[in-house]
Structure formats: structure tokens, C-alpha cells
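Observations on chain architecture
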Amino acid sequence: MSDNLISQPAKKNFDFIDSIRCLSMMCIVFEHATHVGIYIFPSVDTQNIVYMCLVQLAKLGTISFFILAGFLIGSNFTKYTPLEYFKRRLSNTFIPWIIWSLVFVFAMTYKFYFIRHNDPGFDLGQTISESFITVYFYSNYWFIINFLICIGVLLLFRKHLYSLWLGAILLLFTLIYSVNIYFSWFPPMHTMAIFGFVFFLWLGAQLNQHWTAVANWINSIPNWIWAILFVLTFALSVYETINLYQQHNIDPYNTLRFSNILYSLVCILILLKIRDFGFTKYFKPRETTFGIYLIHYIIVFNVLPEILRPFHFPEPKDMSIFLMVALSLLRFIIVYSLTFGLVALLNKTKLKWTIGR
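In this report, we go over the structure that sits alongside the text. (Residues numbered from 1 in each chain as written. Predicted model: local features only at pLDDT ≥ 70, side-chain atom pairs only at ≥ 80, totals over all residues. Heavy atoms only, no water.)

1. Here we look at the overall build of the protein
How we decide: Helix and strand definitions here come from DSSP, where helices need a minimum of 4 consecutive H or I residues and strands a minimum of 2 consecutive E residues; each element is numbered from the N-terminal end. The quantity called the radius of gyration is restricted to C-alpha atoms. Its globule counterpart is 2.2 Å times the number of residues to the power 0.38. Burial status follows relative accessibility: with a 1.4 Å probe on protein chains alone, a residue under 20% of its type maximum counts as buried, one over 50% as exposed, and anything between as partly exposed.
Helix and strand counts for the protein come out as 13 helices and zero strands. Along the protein, helices and strands appear, N-terminal first, in the series α-α-α-α-α-α-α-α-α-α-α-α-α. Taken against the 2.2 N^0.38 rule, which gives 21 Å for 357 residues, the C-alpha radius of gyration of the protein at 21 Å falls within 12% of a compact globule. Principal-axis analysis of the C-alpha atoms gives the protein an extent of 65 × 45 × 45 Å. Relative to its 357 residues, the protein shows a buried fraction of 52%.

See the structure below:
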């Protein structure tokens, strides 16, 4: 092979990456199941801060998932030509994405139709259009397109995958989005961050390339230092959220907040230090992780409200802190259990191809 890539050793055991991906996916599901709105509290009081903390705890999911994907991409880039690799990604990722995103469009349209069809001026065509826009621009399905674009960028600069200048340019793009959250030079929503996550794929590839040195460095740092870094970056992330909330920012929980980038990096390094998460093997992460990502938001939007509706829970601002935390955990357990069960069931049928790998 004539490119400048440094070949990876033939058979590395990276099973721990699957375990950490499983934990990252749990964080993503927890964030989506817990998040019930942005400006749902009248002020930044104790109740609101606890809610912010719940959301922030799981906010590492997206960045860590890109880093872990980049970790695995590093070696796969050397095994296939760019066209072969991208075709494999399209068959394993894009086709299942199309299927389940259309299922979500249908489910969302049906829900809105059921609620609004007797309203004067109800327009089915407009409802379908709104569902398409919501699913493909404002839900988790948007990140699959972003992910494929990120891979495309790395493939375009494949010969320079391990160069620091490429990483510096990609980091600059990410930081532009972080600063833009405050200045709104362009809309700061995540749908505009098309190149904001490529850096994390690149960073994951570097971790793979230099894994022995990275692992030794992570292990050399005492656990108490990692604990302090976790607390500090978590507190900084919550503080930045409070600051953005008080400014009535359009997205105070933005994943590309500078503080959340630091928090996510610290968390992924801690997870890479621990590595041994034996319980994750029961969730069969290699077979279920992507399927859970594809399906869980359909459960959050269409199924979870119907399960909880008969209990008539009060609005979060009217709940006790204990009830709010307990209900958040319950929402996560319901969504993850139903999604995992459905994915596990599909894996036992001829439809397993619909949930990708």
C-alpha cells in the first residue's frame, strides 16, 4: 500500500471498546429518555440544577461514541480501499438508518394525526412535512448523516490520517462551533455542526495508533486525580449550562460546549483506564448497539408517553427532587429495556440486517 499510513498489528483485542460503546449508548439513551424540555423551569433553582446535572451526567455519550468509532476506524482504513470502506458503511449503516428513520416519520405522523385530525384547519400534508423535518434535522437520526460525512472527510484525507496538522484543523472547526454557541455567527443548533465532530473521529484513530503509550499514560495517573478531573469538568459543564440558560440561549445543553468537550474527554479516558466492564457482555454490544441507537428515540417519542400517561405525573417543576430523579431513572429503564428487547428479538430473525452493525 503506497499511502503514508502506519499499518496496525494484525490481531489486536479491542473487546473493551465494545463494552465502552455499550456504556456510551446507555448514556445516549439516558439523555434522551431523561430530557423532557429546555426551559421547563421558571428560574435556575435547586430543582432546575438537579435536572441539569441529570442531563449532564450522560452528556458524554455522543462525543465518546465518535471517539470510539474513530478508534476502530483507524485499523479498518488500512484493510480496505476508500470506496470499499465507504460501501461497507453504507450497507451496514445507511440502509438500516433509512428504514428506521422512515418508521419514525410514519409513527410521528400517525401520533400527530391522532391528536390533531379533528382540529379546524388540520393539514395532513403539512403534518407529514413537519415529521420529515423533525426526524431528519432535529432528532438523533441526523447524527448518522453527520457520522457518514465525518467518515467521508477522513477518507478524503486518508493519507494524512495521523498527521497533527490535520488534527489541528479539525479541532479548529470544533472550537468554532463551541464559540459560536455564545455569538451565533450562524445558527448554533447541532444540525449546523456538520464538521464539528470530525475531530473526535480523528482523535479516536490517534488513540488506536498510539494505544500502548496512551494506555501506559492513563494507567500512570492515580485514580484520585481522575476523580478530581471528573468532578471539576462535570461542575464546569453544569456551570456553563446555567450561564447559557440564564442568557436564554437556544441550546444551553449543546454537546459542543467547551466544558462538555473536556468532560467527555475525561470520562472516555477514565473508561479506557477501567476497561473491564464484565456486565456489558450480557447486552451483546456488538450485535445490539447500533440497533438500540436506531430504535430508542421512537420508543421515547411514541411509546414512553403512553406508558406513563395513566399515572398523571406532575410537571417536573412541580415534582419533588426525589420524584424527578426516580422518574428519570424509570424513564431510562423503560426505554432501554423495550429497545434492547426489540433489538434482541430482531437479531434472532431474518430481519437482523435492518439494525445494522
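More follows now that the structure is in view.
2. A short note on the layout of surface pockets
Spelled out, the test is: Within this scheme a cavity is a closed region of a 1 Å grid, computed over the protein atoms alone, that accommodates a 1.4 Å probe without allowing it to escape, whereas a pocket is open but has protein on both sides within 12 Å along at least five of seven lines; lining residues each have an atom within 4 Å of a point. Grid points are joined across faces, edges and corners, and a volume is the space filled by probe spheres set on the points. Polar here means any residue outside two lists: the nonpolar Ala, Val, Leu, Ile, Met, Phe, Trp, Tyr, Cys and Pro, and the charged Asp, Glu, Lys and Arg; Gly therefore counts as polar.
For the second largest pocket, the calculated volume is near 770 Å³. Around the second largest pocket, the lining is made up of 30 residues, and of these His35, Val36, Val300, Pro305 and Arg331 lie nearest the centre. Listed by contribution, the elements that provide at least two residues to the lining of the second largest pocket are helix H1 (15-34), helix H4 (82-116), helix H5 (124-138), helix H12 (285-308) and helix H13 (321-346). Element by element, the count of residues in the lining of the second largest pocket is highest for H12, at six residues. Here the residues of the lining of the second largest pocket sort into 19 nonpolar, seven polar and four charged.

3. Topic: the packing of H12 against H13
How two helices pack is summed up by the angle between their axes together with the distance between the axes. Keep this limit in mind: Here an angle of 0 to 180 degrees is reported between the N-to-C directions of two axes, which are lines fitted to C-alpha atoms, with helices fitted over the stretch in contact. Here the word oblique covers every angle except those under 35 degrees (roughly parallel), over 145 (roughly antiparallel) and from 65 to 115 (roughly perpendicular). In this scheme, a crossing is called left-handed if the near helix is turned counterclockwise away from the far one by less than a right angle; it is called right-handed if the turn is clockwise. Every residue pair with non-hydrogen atoms within 4.5 Å of one another is taken to be in contact.
Put simply, H12 and H13 touch, their axes get as near as 7 Å, and they point 130° apart. Between H12 and H13, the angle falls in the class oblique. Crossing handedness for the pair H12 and H13: right-handed. Contact residues: Glu287, Thr288, Gly291, Ile292, Ile295, His296, Ile299, Val300, Val303, Leu304, Ile307 and Leu308 in H12; Leu327, Leu330, Arg331, Ile334, Val335, Tyr336, Leu338, Thr339, Phe340, Leu342, Val343 and Leu346 in H13. Looking at the contact of H12 with H13 residue by residue, the class counts come to 18 nonpolar, four polar and two charged.

4. Side note on the side chain of Asn146
Note the cut-off: Distance and chemistry together define a polar contact, namely a pair of N or O atoms within 3.5 Å, with one atom able to donate a hydrogen and the other to accept it when in protein, and with adjacent residues in sequence counting only for side-chain atoms on both sides.
Position of Asn146 among the secondary structure elements: in helix H6 (residues 142-156). Engagement of the side chain of Asn146 in a polar contact is seen with the backbone oxygen of Ala193, the distance being 3.2 Å. Aside from chain neighbours lying at most four places away, what touches Asn146 is Ala193, Ile194 and Phe197.

5. Things to note about the pattern of salt bridges
Note the cut-off: Only one rule defines a salt bridge in this text: a Lys or Arg side-chain nitrogen within 4 Å of an Asp or Glu carboxyl oxygen.
Within this structure, the stated rule accounts for seven salt bridges. With a shortest N-O distance of 2.4 Å, Asp18 and Arg286 are connected by a salt bridge. Placement of the pair is Asp18 in helix H1 and Arg286 in helix H12, with a sequence separation of 268 residues. Here the salt bridges do not stand alone but share partners, grouping Asp15, Asp18, Arg21 and Arg286 into one network.

6. Notes on the nonpolar core
The condition that has to hold: Residues belong to a common nonpolar core when they are buried Ala, Val, Leu, Ile, Met, Phe, Trp, Tyr or Cys residues joined through side-chain atoms within 4.5 Å.
Residues Phe197, Phe200, Leu201 and Leu272 are the most contacted members of the largest nonpolar core, which totals 105 residues. Counting residues per element, this core draws most heavily on H1, at twelve residues. Those residues within four positions of Phe197 in sequence are excluded, and the remaining contacts are Thr62, Ile63, Phe66, Phe143, Asn146, Cys150, Thr255 and Leu256.

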